[in-house]
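# Chains, contacts and geometry: an overview
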Amino acid sequence: MIQSIDAAAYTEMIKSGAALIERNKQFVNELNVFPVPDGDTGTNMSMTINAGVSSLTQNPQPTVTAVADAAAGALLRGARGNSGVILSLLFRGMSKALKGVQEMTVADFTAALKEGVAAAYKAVMRPTEGTILTVSRLVAEAADRYAESGKDFMELFEAIIPAGDEALAGTTEQNPVLKKAGVVDSGGQGYIFLIKGMYACLQGDPVVADGGEGKGSDRADFAAFRDEDITFTYCTEFIVNRENHRSPEALRDYLSGIGDSLVFVEDDEIIKSHVHTDQPGEVLTQALKYGSFVSVKIENMRNQHTQMVFASEPKVGLHPKEEAPAEPEEPEEAVPEKKYGTVAVCAGEGVSEVFRNLGADALVTGGQTMNPSTEDILKAVQSVPAEIVFVLPNNKNIIMAAQQCDRLTEKTVIVIPSKTIPQGVSALISFDDSLETEELTEALTEATKTVKTAQITYASRDSDFDGLNISAGEYLALLEGGIVGSGKDLAELLSSVSRRFAEDGCEVITVYYGEDVDEYSANAVAAKFRADFPDADVTTVYGGQPVYYYMISAE
C-alpha cells in the first residue's frame, strides 16, 4: 500500500509518464486523421512534458509543491501546439491544488487532477468533447469516486486507468471525424500514456527514456577552444523524422557547405545532425524537407563559451562561501521605446522578408511541422522595445502557445488569431499605430477575415477523409483549413481552388511559391488565375516556405 508520495517519488512519476509518451509519440502522431504534414500531437506533447523533466532533472525540488510548481512553469514555457498547451494547463491547475503540500496523499492528487481539468476547460474558449479534455475530466471523476473512501495510490491508479481507457475509446463516438477514421483522439491517447507511465513508476518498473538523445558526445565542447577560434556562431542541433524518400546525402552536403563540426547520423526513421553555422534558420528550413522535427536546439557559442569558461575556471578572489553571480533565468526585456510592436511567426526566406518589409519587429521561425514553444515566442516578445506587442501566429496550432506569453512578461501581449501567412500579412498591412489599443486589436482581427487562403501541399498519409479517398504523396489542396481535393493533377486542383474563390469574388490574388517550386512554374500558376479572374490584380511572391508548394491568397 502506498498512502503518500514525496517530492522525489512524484518527480520520478512525471519522468516515467514523459518517457512513455516519448516512446509512443509516433503512434500518437499517426492518430491525427487530417492528412496534412503537421507538427503532430505526439511530438508536441513529448517536447512539452520533457521541458518539465529537464527542469526537474537540473533542479531537484524538496517538496511536492515545489515539484508541481517547477513542472508547471517549465511545461508552460515549453508548450508546443494546442495539445502541448492543454497538457501544460493541466499541470498548471495541478500545481495550484498542491500548494503547501510536503507529501501528497490520494486526496491531494485527486484534488490536483480536478483542478487541472478545471484550468484546461477554463482556458479553452470553446471546449470540444471527444478530446484530451474529455479524457482528463473522466479520469479525474474516477479518481474522485475512489478518493471518497480509498487511500492507496495503487488502488487509485487501478481505478482511473480503466476509466481513462474507456473515456479514450469513447472519443471515437463523440467526434464524427474520429468515428469515420476509426481512431481515438490523439491528445487523449497521449494523456493516457502519461497516466500509465506514472502507474508503472508506482509499480517499481518506471519507464526510462531511450538513451542517446541529449547525452551525445557530438555536442560542442565550448570550453575547449578560444573565442577567436570560433569560426561560426551558432551550434545547431536537430532530430527530424524521415517522412519521405529524399536522400539524406543532399542534406549532409548542404550542411557541410554552410558550416563546420558536422556530425550527421541517419537511419530509417530519423536524421540527427549537429553543425556549427551562421545560418541556423536556413539549416532548419532545409531539414523540414525531410519531415517533422523531434527536437531542435540552437546555441550562441560565443556567449556560451564565455559562460562555460568562467564556470570552469577557479574563482580567484571569491570567499569559499561565496558563489559566482547566477545567470538570470529570464531573458532581459527590451526597454519600451514605443507603444506598439509586432512579432510574426513564419518560415521561409521570402515570407520572412515580406514581414520584415511590412515592419514586423521580430520573427519566430515556425509554422506547419514546426510549432514554436511559448518560450520561443516569449523571447521574441521580450526583444521588442514596445509596451504592447501584437503576435501574429499565422497557424491555428500556434495560437494557444502564443496566448500563454501574456502572463510571463511585464509587456502586454495581444494575440491576433491569424491562421495563415496571408492572414498575418493582411493584418500587418492594416496596422495603424495611431489607433487606441482596443480599436487596433479589432482592426487587425477584422483584417484577417478579409483574405481567403488556399494552400497546396502533399498528403502525408493515406486517408479516407470527408468523402475523399486520399493517397500519400499526392497533391492536396486546402482552403481555409478544409480540404478542397487531392490528386496527381495540379492543374485540376488549382481549377477547384479557382471555382471556390469565384464564389465570393476577389480583386487581389497573391501566389506565394515555396522552396521546392521554381519561378517559371509559379508564373504559370499566376497566369491561370489571371485567365480565370481577368479583372483581378494577380502577383507572384517568392515565399521559400517549406511544406506548402503554394500559398494563394484572395481578397
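### Regarding the nonpolar core
Counting 93 residues, the largest nonpolar core has Tyr10 and Phe157 as its most contacted members. Per-element tally for this core: the top contributor is helix 10 (residues 186-202), with ten residues. Ignoring anything within four residues of it in the chain, the contact list for Tyr10 reads Ile5, Val64, Val67, Ala68, Met94, Leu98 and Met104. Counting 27 residues, the second largest nonpolar core, distinct from the first, contains Tyr340, Ala360, Ile421 and Ala459.

### So, the confidence of the model for the chain
Across the chain, the average pLDDT comes to 85, with 86% of residues at 70 or higher. Note that residues 211-230 has pLDDT below 50 and, in this model, 33 contacts with residues that lie over four places away or in other chains. Here residues 304-329 is a poorly scored stretch, pLDDT under 50, and it has 17 contacts once near neighbours within four places are set aside; other chains count.

### Focus: the sheet that holds strand 16 (residues 550-554)
On the basis of which strands lie adjacent, the open sheet formed by six strands has the order 13-12-9-16-14-15 and mixed pairing. At either end of the open sheet lies a strand with only one pairing partner, and these are strand 13 (482-487) and strand 15 (537-542). Taken pair by pair, the neighbouring strands of this sheet meet at an average axis angle of 15°, ignoring direction. As paired strands, strand 9 (residues 452-458) and strand 16 are joined by five bridges and run antiparallel to one another. Looking at the pairing, Ala454 lines up with Ile552 of strand 16. This element, helix 19 (residues 490-504), spans strand 9, strand 12 (475-479), strand 13 and strand 16 of the sheet and lies at about 165° to strand 9.

### Looking at the packing of aromatic side chains
Per the counting criterion, the structure on display carries eleven aromatic pairs. Centre to centre, the rings of Phe238 and Phe293 are 6.0 Å apart; their planes meet at 70°, and the pair counts as edge-to-face. Of this pair, Phe238 sits in strand 1 (residues 234-241) while Phe293 sits in strand 4 (residues 293-300); the two residues are 55 residues apart in sequence, bridging distant segments of the chain.

### A few points about the environment of Gly481
Inspection of the secondary structure assignment puts Gly481 in the loop between strand 12 and strand 13. In this structure Gly481 comes out as partly exposed when scored by relative accessible area, which is 38%. Sequence separation between Gly481 and Thr453 is 28 residues, and the spatial gap between their C-alpha atoms is 8.5 Å.

### Concerning the sheet that holds strand 8 (residues 412-415)
The strand order across the open sheet built from four strands is 6-5-7-8, with neighbouring strands paired in parallel fashion. If you trace the sheet from one side to the other, it starts and ends with strand 6 (362-365) and strand 8, each paired once. The mean angle between the axes of side-by-side strands here comes to 25°, regardless of whether they run parallel or antiparallel. One ladder, built from six bridges, connects strand 5 (residues 338-346) with strand 7 (residues 386-392); its direction is parallel. Residue pairing for strand 7: Val343 is matched across the bridge by Val391.

### Section: the pairing of strand 12
The buried fraction of strand 12 is high, at four of five residues. Pairing between strand 9 and strand 12: five bridges, direction antiparallel. By the bridge assignment, Gln455 is partnered in strand 12 with Leu478. Counting the residues in the hairpin turn of strand 12 and strand 13 gives two residues, including Glu480, whose phi is positive at 50°.

### Some points on helix 4 (residues 64-78)
The first and last C-alpha atoms of helix 4 sit 21 Å apart over 15 residues, in line with the 21 Å expected at 1.5 Å per residue. With twelve of 15 residues buried, helix 4 lies mostly within the body of the structure. Of all the positions in helix 4, only Val64, Thr65, Ala66, Val67, Ala68, Ala70, Ala71, Ala72, Ala74, Leu75, Leu76 and Gly78 are classed as buried.

### Here we look at the packing of helix 7 (residues 132-147) against helix 8 (residues 153-174)
Direction vectors running N to C along helix 7 and helix 8 enclose 150°, while the axes themselves pass 8 Å from each other. Taken together, the axis directions place helix 7 and helix 8 in an arrangement best described as roughly antiparallel. Where helix 7 crosses over helix 8, the handedness of that crossing is right-handed. For the pair formed by helix 7 and helix 8, the contact residues are Thr134, Val135, Leu138, Val139, Ala142, Ala143 and Tyr146 on the first element and Glu155, Leu156, Ala159, Ile160, Ala163, Gly164, Ala167, Leu168, Thr171 and Gln174 on the second.

### Details of the pattern of salt bridges
What the rule picks out here adds up to 18 salt bridges. Close ionic contact of Asp69 with Lys99 constitutes a salt bridge, the shortest N to O distance being 3.0 Å. Highlighted residues: Asp69 in helix 4 and Lys99 in the loop between helix 5 (81-97) and helix 6 (106-123), separated in sequence by 30 residues. One salt bridge connects Glu173 with Lys179, and the closest N-O pair in it is separated by 3.3 Å. When salt bridges with common partners are traced through the structure, they connect Glu129, Arg137 and Glu141 into a single cluster.

### Focus on the packing of helix 5 against helix 6
One way to put it is that helix 5 packs onto helix 6 with a least axis distance of 7 Å and a crossing angle of 130°. If you check the angle between helix 5 and helix 6, you find them oblique. When you trace helix 5 past helix 6, the crossing you get is right-handed. Each of Ile86, Leu89, Leu90, Gly93, Met94, Lys96 and Ala97 in helix 5 lies in contact with helix 6, whose residues at this interface are Phe109, Ala111, Ala112, Leu113, Glu115, Gly116, Val117, Ala119, Ala120 and Ala123. Across the contact of helix 5 with helix 6, the residue classes break down as 13 nonpolar, two polar and two charged.

### Description of empty space enclosed by the protein
Across all of its chains, the model carries one cavity of 30 Å³ or more by this definition. Around the largest cavity, the lining residues are Leu90, Phe91, Met94, Ala112, Leu113, Gly116, Val117, Tyr191, Leu194, Ile195 and Met198. Broken down by secondary-structure element, the contributors of at least two residues to the lining of the largest cavity are helix 5, helix 6 and helix 10.

Reading the values: the criteria
Residues numbered from 1 in each chain as written. Predicted model: local features only at pLDDT ≥ 70, side-chain atom pairs only at ≥ 80, totals over all residues. Heavy atoms only, no water. Core = buried A, V, L, I, M, F, W, Y, C linked by side-chain atoms within 4.5 Å. Buried < 20%, exposed > 50% of the residue type's maximum accessible area, 1.4 Å probe, protein only. Helix = DSSP H or I, 4+ residues; strand = E, 2+ residues; numbered from the N terminus. Contact = heavy atoms within 4.5 Å. pLDDT = per-residue confidence, 0-100. Pairing = 2+ DSSP bridges. Axes fitted to C-alpha atoms, helices over the stretch in contact; angles between N-to-C directions. Phe/Tyr/Trp six-rings, centres within 6.5 Å; stacked < 30°, edge-to-face > 60°. Expected span 1.5 Å × (residues − 1). Parallel < 35°, antiparallel > 145°, perpendicular 65-115°, else oblique. Left-handed = near helix turned anticlockwise from the far one by under 90°. Salt bridge = Lys/Arg side-chain N within 4 Å of Asp/Glu carboxyl O. Nonpolar A, V, L, I, M, F, W, Y, C, P; charged D, E, K, R; others polar. 1 Å grid on protein atoms, 1.4 Å probe; cavity = no way out; pocket = protein on both sides within 12 Å on 5 of 7 lines; lining within 4 Å. Points joined across faces, edges and corners; volume = space filled by probe spheres on them.

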